[in-house]
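Commentary on secondary and tertiary structure
One-letter residues, chain by chain:
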Amino acid sequence: MKRTSLSLAGGLATALMLVTAPTASAAVGAKDVPGKGDIVAAFPELAGGQFTSQKTKQVAKPGKTCGTATTEKARSGATTTAVSSSGTSIVVAGAAEVATPRKAASFLGAYRKYVKKCGTFTEPTTGAVITSTLGKSLKLGDGSLTVDQQTTINGVVSYSTSVLAVDGRRLAILTAIDDAAIPTSSIKKLAKVAVKKLR
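Description of the structure in this document. Throughout, residues of each chain are indexed from 1 in the direction in which the sequence is written. Note on the predicted model: pLDDT of at least 70 is required for a residue's local features to be given, and 80 or more for side-chain atom pairs to be given and counted; whole-chain, interface and lining totals, by contrast, use all residues. As a convention, hydrogens and water are excluded, and side-chain values are obtained from all of the structure's heavy atoms.

This part is about the overall build of the protein. Working definition: helices are DSSP H or I runs of at least four residues, strands are E runs of at least two. Numbering for both runs from the N terminus. Scanning the protein from N- to C-terminus turns up four helices and nine strands. From first element to last, N terminus to C terminus, the protein shows the α and β order α-β-α-β-β-β-α-β-β-β-β-β-α. Each residue gets one of three labels from its accessible area relative to the maximum for its type: buried under 20%, exposed over 50%, partly exposed in between, using a 1.4 Å probe on protein chains only. Considering the protein as a whole, with its 199 residues, one finds that 49% of them fall into the buried category. Every residue pair with non-hydrogen atoms within 4.5 Å of one another is taken to be in contact. Counted over contacts in the protein with a minimum sequence separation of 6, partners at least 24 positions apart contribute 62%. Entry remark: accessible area of the protein is about 9400 Å², with carbon and sulfur atoms responsible for 54%. For every accessible area listed, the method is Shrake-Rupley and the probe measures 1.4 Å; residues are considered covered only by the protein chains on display.

Written out as structure tokens, the structure is:
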């Protein structure tokens, strides 16, 4: 299945822009992000998949136009990306630290406004129809946001659920993409691990 990253889910899935950079010892690193074992425990279908890790110093926020994103500086960050052997399931788990708790909380507000503004829109270059809704609220950290999304292109529908959680100056960012609706129990299980690892 051909997938697009031209939507909010795509923005969240790549919300920790993959920019390799050296980090200090107290910086966010692999230990602060769900790893292969954590992801497989929540999404068993990824057991035989491909896993990659990256460090980053940028975090994305929604842009002024639906389907676009801007980047902001992070003190440090890291991601783990998992792709199933069939290529039909993808999970991205990330964490980042920004300057202040207020700055971290601003990401929740930015994505909440984006969903309200761009609940349904058509991506002009692909013709994909992208629908985003606020999902089931999860009690995580100092606050969190869940976004459910459907992307329809050429009659084919893909689904994603993204969770953004804040704990102090740190952000946990998760996105799961599949050709079927993402089970709430799976994303919730991984989100709890992600927030615990932030501390």
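Here the narrative resumes, following the displayed structure.
A pairing counts as a salt bridge when a side-chain nitrogen of Lys or Arg comes within 4 Å of a carboxyl oxygen of Asp or Glu. Enumeration according to the criterion identifies eight salt bridges in this entry. Of the charged contacts in the structure, one is a salt bridge between Glu-72 and Lys-61, with a shortest N-O distance of 3.5 Å. Taken together, the positions of Glu-72 in strand β3 (residues 69-83) and Lys-61 in strand β2 (residues 50-62) put the pair eleven residues apart, joining distant regions of the chain. For Lys-61, a relative accessible area of 11% gives the class buried. With a closest N to O distance of 3.3 Å, Glu-97 and Arg-169 form a salt bridge. Within this pair, whereas Glu-97 is found in strand β4 (residues 90-97), its partner Arg-169 is found in the loop between β8 (156-167) and β9 (170-178), the two being separated by 72 residues in sequence. What makes Glu-97 buried here is its relative accessible area of 11%. Connected via shared salt-bridge partners are Lys-31, Asp-32, Glu-97, Arg-169 and Arg-170.

Turning to the side chain of Thr-146, a few remarks are in order. Summarising the element assignment, Thr-146 is placed in strand β7 (residues 143-153). Classification of Thr-146 by relative accessible area gives buried; the value is 6%. Within the structure, Thr-146 has its side chain in polar contact with the backbone oxygen of Lys-136 (distance 3.1 Å). Among all residues touching Thr-146, those that are not within four sequence positions of it are Thr-133, Leu-134, Gly-135, Lys-136, Leu-138, Thr-161, Ser-162 and Val-163. Polar contacts here mean pairs of N or O atoms no more than 3.5 Å apart (in protein, one a potential hydrogen donor and the other a potential acceptor; neighbouring residues in sequence count only if both atoms are side-chain atoms).

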